[in-house]
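What follows is the residue order along each chain.
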Amino acid sequence: MLSSPNKVSEQVMDIDQFYNDLTRADLKPLWAQTGMLTDEPRDRAIPFRWRATEMARLGERSRHLVPIDRGGDRRVLLCANPGLGGAPAATSTMAAGVQYLGGGESAPAHRHTPAALRFMLTGEDVWTRVDGDPIMMKRGDLVLTPSWTFHEHYNLGKVPAAWVDVIDVPLITHLAGIFYEDGPSDDVDTQTKPASWSEIQFAGGPGLVPTSSSAASTPTPYSPLFVYRWSDTTAALDAQLAAKGTEQAAIRYVDPTRGCDVMPTMRCEALRLRPASATRTDRQTGSRIGAVLNGSGVVVVGSDTFGLSAGDIYVVPSWATHRLESADQMDVFTTSDAPVFEALGVFRRVIVA
Ligand code: FE
């Protein structure tokens, strides 16, 4: 039976009033929400690449214009993904950028709950102390500053240093888990040692860990080895290429005590492509960031193709297709938030072609 016109207009008034009352009560009708459950991930971050040449030019200007003081603490040019509305974030979960430290400069100690990594590009006699352990940073080295570890940087050399920083600030911000603390002193202790304590303990040899270390018996939630040397990485990649006779080699950096990812929120890997070769096309949930150490080529992300040269940084948003192609031999360091997705049981990765 049809409602009378008066009845219909009463119902419209009722529902309008009902929605107004919901708003006043800070409630939302689920049935009217759109975009909450999409058929696949929709990442606001877009495929992008930042050129080393432009970053180096602007980084050099920053070195002359901006001192390193408490407050900023670090001279970093952060990649701002154009899809993220001007936020200082490379992807939805990770910030990335290049840190510049002139000869004789230092950056004071602090710690924070977001975990960070450094991938060294240029500099001589440059050091990072992690919880008091001095680590020399050489080109291609991966240095970890895990969650809540004190860290400071100092350049005892004459030439300016630059390295890639990646930090999971956006992720920990989304989780409302940011804590930050200055170090005990504004002065940087520019201590040096022939080898860091973490290497003496955990880089003694492949598959060898000390029996006496408390880090080995009561593991931290991150790798107790704070530096992975490029000399080891390049040897491992070369050995793979030689043994397999293939076009590409890849390694994952792992916690030597447990064999898992180096930090709970970041997976780190390195890839070497022989000249004129390509990876498969893949896609995975979560964000990926790549930094080119040597060589040149392109990265194809979704429908975008970006030229790559040494020092360039690129991002692959969640579920975007991705393929690397080399021109000459290319070495790429990558990091991703895959461990987070795996821990939550929502990681997906497929080879597309
Ligand atoms: Fe920091």
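Relevant structure appears above.
Residues numbered from 1 in each chain as written. Predicted model: local features only at pLDDT ≥ 70, side-chain atom pairs only at ≥ 80, totals over all residues. Heavy atoms only, no water.

(A) Region of interest: unusual backbone geometry. A positive phi is found at aspartate 26, a non-glycine position, where the angle reads about 55°. Note on aspartate 26: relative accessible area 71%, which makes it exposed. Backbone geometry at aspartate 125 places phi at a positive 60°, although glycine is not the residue there. Counting through the fold element by element, aspartate 125 comes out in the loop between β5 (116-122) and β6 (126-130). Residue class for aspartate 125 comes out partly exposed when judged on its relative accessible area of 31%. (Buried < 20%, exposed > 50% of the residue type's maximum accessible area, 1.4 Å probe, protein only. Helix = DSSP H or I, 4+ residues; strand = E, 2+ residues; numbered from the N terminus.)

(B) Fine view of the side chain of threonine 113. Take threonine 113: it is sitting in the loop between β4 (106-112) and β5. Accessibility expressed as a relative area gives 19% for threonine 113, which makes it buried. Separated by 2.9 Å, the side chain of threonine 113 and the backbone nitrogen of phenylalanine 179 make a polar contact. Apart from residues no more than four positions distant in its own chain, threonine 113 is found in contact with Ser147, Trp148, Ile172, Gly177, Ile178 and Phe179. (Polar contact = N/O pair within 3.5 Å; in protein donor to acceptor, adjacent residues only side chain to side chain. Contact = heavy atoms within 4.5 Å.)

(C) Examining a nonpolar patch on the surface more closely. On the surface, Ile15, Phe18, Tyr19 and Trp31 cluster together into a nonpolar patch covering about 420 Å² of accessible area. Along the chain, phenylalanine 18 falls in helix α1 (residues 5-24). (Patch = residues over 30% accessible without salt bridge, like charges linked within 9 Å, V, L, I, M, F, W, Y side chains within 5 Å. Areas by Shrake-Rupley, 256 points an atom, 1.4 Å probe, with all protein chains shown as cover. Salt bridge = Lys/Arg side-chain N within 4 Å of Asp/Glu carboxyl O.)

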